[in-house]
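Residue-level structural notes
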Amino acid sequence: MTTLREEDVERFRRDTPGTGEVIHLNNAGSALPPAQVTDAVLDYLREESRRGGYETAAAHTDRIQGVYHSVARFLGAEAGDISVTDSATRSWQAVFYALRFSPGEKILTCRSEYASNAIAYLQIARRTGAVVEVVGDDESGQLDVADLERRLDGTVRLIAITHVPTQGGLVNPAEEVGAIAERAGIPFLLDACQSAGQLDLDVRRLRCDALSGTGRKYVRGPRGTGFLYTHPRLRERIEPAMLDLHSATWTAPDAYEVAPDGRRFETWERNHGLVLGLGAAVDYALAIGLPAIEERVTTLAARLRADLARIPGVTVHDQGERKCGIVTFSVAGADATDVRNRLSASRINTSVSHRTSYQYDQEVRHLPDMVRSSVHYYNTEDELRALVDVVEKLA
Ligand SMILES: *Cc1c(COP(=O)(O)O)cnc(C)c1O
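Within each chain, residues carry numbers counting from 1 in the order of the written sequence. For a predicted model such as this one, the threshold for reporting local features is a pLDDT of at least 70, and the threshold for listing and counting side-chain atom pairs is 80 or more; totals across whole chains, interfaces and linings nevertheless cover every residue. The side-chain numbers reported here are obtained from all heavy atoms of the structure, hydrogens and water having been left aside.

1. Concerning the UniProt feature "domain: Aminotransferase class V" (unreviewed entry) in the chain
Annotation from UniProt places "domain: Aminotransferase class V" (unreviewed entry) at residues 23–387. With 41% helix and 18% strand, residues 23–387 has its two end C-alpha atoms placed 9 Å apart. UniProt positions are given in the numbering used here, feature names are shortened, and annotations may be inferred rather than shown by experiment. Helix and strand definitions here come from DSSP, where helices need a minimum of 4 consecutive H or I residues and strands a minimum of 2 consecutive E residues; each element is numbered from the N-terminal end.

Quick look at the structure:
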């Protein structure tokens with residue numbers, strides 16, 4: 001693996017106009033895109049305005065198809081296993097709402113589960129009588145693999161967890177979960193929305209049946225883009241909850257056939273400019289190399305955690321044996337929103353993780369609202385020091 005050098009980072013920053021404007025430590029919210037991404041989107045939209053939308057799409061079919069190959073390479077998958085959507089939520093829903101549950105069948109999830117996913121479980125539990133069970137954490141704060149194994153019985157219909165939660169630096173042991181799910185023959189749905197783009201993901205190692213991700217976060221793509229990986233064995237077993245003339249073909253007045261590949265989870269209409277922007281972002285990350293990105297992100301975040309933890313009155317909240325680029329903290333006696341606003345007055349972008357948005361976690365952790373600073377490979381040590389200086393003055 002090659003380690004990123006200072007001159008590499010300088011080049012990435014030159015590619016990223018936003019780095020001259022702000023200290024962007026809100027990459028878990030929406031990262032700054034490189035100019036290559038913005039140009040891909042805008043050039044395409046301009047061409048549409050001159051040539052017509054359908055005509056422009058026809059002229060770029062190969063490039064648009066290329067996006068599927070890029071996302072596939074990014075995840076260690078085949079192009080036919082990829083769906084391009086407009087968000088991680090849409091991707092995740094496309095799989096979850098295709099599953100069928102009977103009364104008493106179980107959904108196993110994790111403590112750090114994302115709010116939207118938990119709400120969907122509750123809705124389906126109410127509607128079908130399915131049961132949601134939250135697997136415990138081990139002492140490190142990551143999903144307890146032994147507890148997961150203990151809960152496996154003939155009634156478990158789905159294992160669905162979040163790889164990296166929105167509210168902290170934790171990395172759940174997704175590969176171990178995947179091995180367990182595969183052995184038990186239970187579908188494994190992985191929310192990789194925060195890990196994609198900062199960690200080196202490979203669906204063959206993760207052994208997931210489905211993986212959802214978004215464009216705008218660590219992938220550095222445009223807003224309004226998302227992607228989905230599905231294993232052929234899952235696609236054989238489920239039919240999408242909703243179909244159209246793109247995800248299926250009307251083959252006779254009373255018959256239709258569902259597309260065999262990832263297209264079955266898409267709809268016909270899309271913003272092709274954004275799709276190309278997503279492709280440009282994935283290509284940019286692939287050119288750098290995900291192992292090198294992961295190394296720099298985790299190293300910078302570890303340093304930031306250590307520097308923050310040294311300030312009296314500051315508590316760093318990240319858990320887990322393995323940690324990533326998300327760093328959450330609180331300042332005694334200071335409201336998280338005030339801290340965020342104070343940082344933003346110094347042109348330092350962070351965000352707030354509100355305690356109500358992670359109810360499962362909250363049952364055992366009783367956290368305050370937290371400031372979330374999320375580091376990317378294009379951030380510098382000087383930028384981290386700027387954040388630490390502001391927090392030090394506040395504390
Ligand atoms: C942001 C986020 C999502 C939702 O992504 P969208 O693209 O906004 O739909 C899902 N899961 C996790 C863990 C997230 O952080």
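2. Side note on the packing of helix H12 (residues 290–309) against helix H15 (residues 381–394)
Direction vectors running N to C along H12 and H15 enclose 20 degrees, while the axes themselves pass 10 Å from each other. Taken as axis vectors, H12 and H15 run roughly parallel relative to one another. By crossing handedness, the relation of H12 to H15 is classed as right-handed. Between H12 and H15, the contacting residues are Leu300, Arg303, Leu304, Asp307 and Leu308 on the first element and Glu381, Leu384, Leu387, Val388 and Val391 on the second. Here an angle of 0 to 180 degrees is reported between the N-to-C directions of two axes, which are lines fitted to C-alpha atoms, with helices fitted over the stretch in contact. The labels follow the angle: roughly parallel below 35 degrees, roughly antiparallel above 145, roughly perpendicular from 65 to 115, and oblique for the rest. By definition, turning the near helix anticlockwise from the far helix through less than a right angle yields a left-handed crossing, and turning it clockwise yields a right-handed one. We call two residues contacting when some pair of their heavy atoms lies within 4.5 Å.

3. Digging into the pairing of strand S3 (residues 106–110)
Burial within S3 is extensive, with 5 of its 5 residues counted as buried. Only protein chains enter the accessibility calculation, which uses a 1.4 Å probe; a residue is then buried when its area is under 20% of its type maximum, exposed when over 50%, and partly exposed in between. Here S3 shows no split at all, with Lys106, Leu108 and Cys110 on one side and Ile107 and Thr109 on the other all buried. A pair of strands is treated as paired once DSSP finds two or more bridges between them. Summarising the sheet, S3 and strand S4 (residues 131–135) pair through 5 bridges and their orientation is parallel. In the sheet register, Cys110 faces S4, and the bridge partner there is Val135. Seen with its strands pointing away from the viewer, a crossover is right-handed when the path leading from the first strand over the helix to the second is clockwise. Considered for its hand, the β-α-β crossover made up of S3, helix H6 (residues 115–128) and S4 is right-handed. Summarising the sheet, S3 and strand S5 (residues 156–162) pair through 3 bridges and their orientation is parallel. Looking at the pairing, Lys106 lines up with Val156 of S5.

4. Considering the sheet that holds strand S7 (residues 210–214)
One open sheet accounts for 7 strands, arranged S2-S8-S7-S6-S5-S3-S4; its pairing is mixed. Both edges of this open sheet fall to strand S2 (82–85) and S4, since each of them pairs with a single strand only. Strand-to-strand twist in this sheet, taken as the mean axis angle between neighbours without regard to direction, amounts to 20 degrees. Alignment of S5 against strand S6 (residues 188–191), held across 4 bridges, turns out to be parallel.

5. Focus: the site of the ligand
Proximity is defined per residue: any heavy atom of the residue falling within 4 Å of a molecule or strand makes that residue near it. By nearness alone, 13 residues border the ligand, and Thr89, Asp191, Gln194, Thr214 and Lys217 come closest of all. Think of a polar contact as two N or O atoms within 3.5 Å of one another; within protein, one of them needs to be a possible hydrogen donor and the other a possible acceptor, and neighboring residues in sequence only count if both atoms come from side chains. Residue Asp191 places a side-chain N or O atom 2.6 Å away from a nitrogen atom belonging to the ligand. Contact between the ligand and Gln194: an oxygen atom at 2.9 Å from a side-chain N or O atom of the residue. Summarising the interface, the protein chains cover 91% of the accessible area of the ligand, which totals 390 Å² for the free molecule. The accessible surface values rely on the Shrake-Rupley method and a 1.4 Å probe; as for residues, cover is taken only from the protein chains in view.

6. Examining the side chain of Ser330
Residue position: Ser330 is located in strand S12 (residues 326–331). A polar side-chain atom of Ser330 sits 2.7 Å from a polar atom in the side chain of His317. Excluding residues within four positions of it along the chain, Ser330 makes contact with Gly313, Val314, Thr315, His317, Pro368 and Asp369.

7. A word on the packing of aromatic side chains
Within 6.5 Å between ring centres, the rings of Phe, Tyr and Trp (the latter by its six-membered ring) count as paired, and their orientation is classed by plane angle as stacked under 30 degrees, edge-to-face over 60, tilted in between. Considering all chains together, one arrives at 10 aromatic pairs under this definition. Ring geometry for Tyr54 versus Trp268: centroids 5.7 Å apart, planes at 65 degrees, classification edge-to-face. With Tyr54 in helix H3 (residues 53–59) and Trp268 in the loop between strand S10 (255–258) and helix H11 (272–288), the pair connects residues that are 214 residues apart, well separated along the chain. The class for Tyr54 is exposed, based on a relative accessible area of 63%. On the basis of relative accessible area, Trp268 is assigned to the partly exposed category, the value being 41%. Between the aromatic rings of Phe74 and Phe227, the centroid separation amounts to 6.2 Å while the plane-to-plane angle is 80 degrees, which identifies the pairing as edge-to-face. Of this pair, Phe74 sits in helix H4 (residues 61–75) while Phe227 sits in strand S8 (residues 226–230), and the two are 153 residues apart along the sequence. By relative accessible area, which is 0% here, Phe227 ends up buried. In this structure an aromatic cluster arises from ring pairing among Trp92, Phe96, Tyr97, Phe101 and Tyr121.

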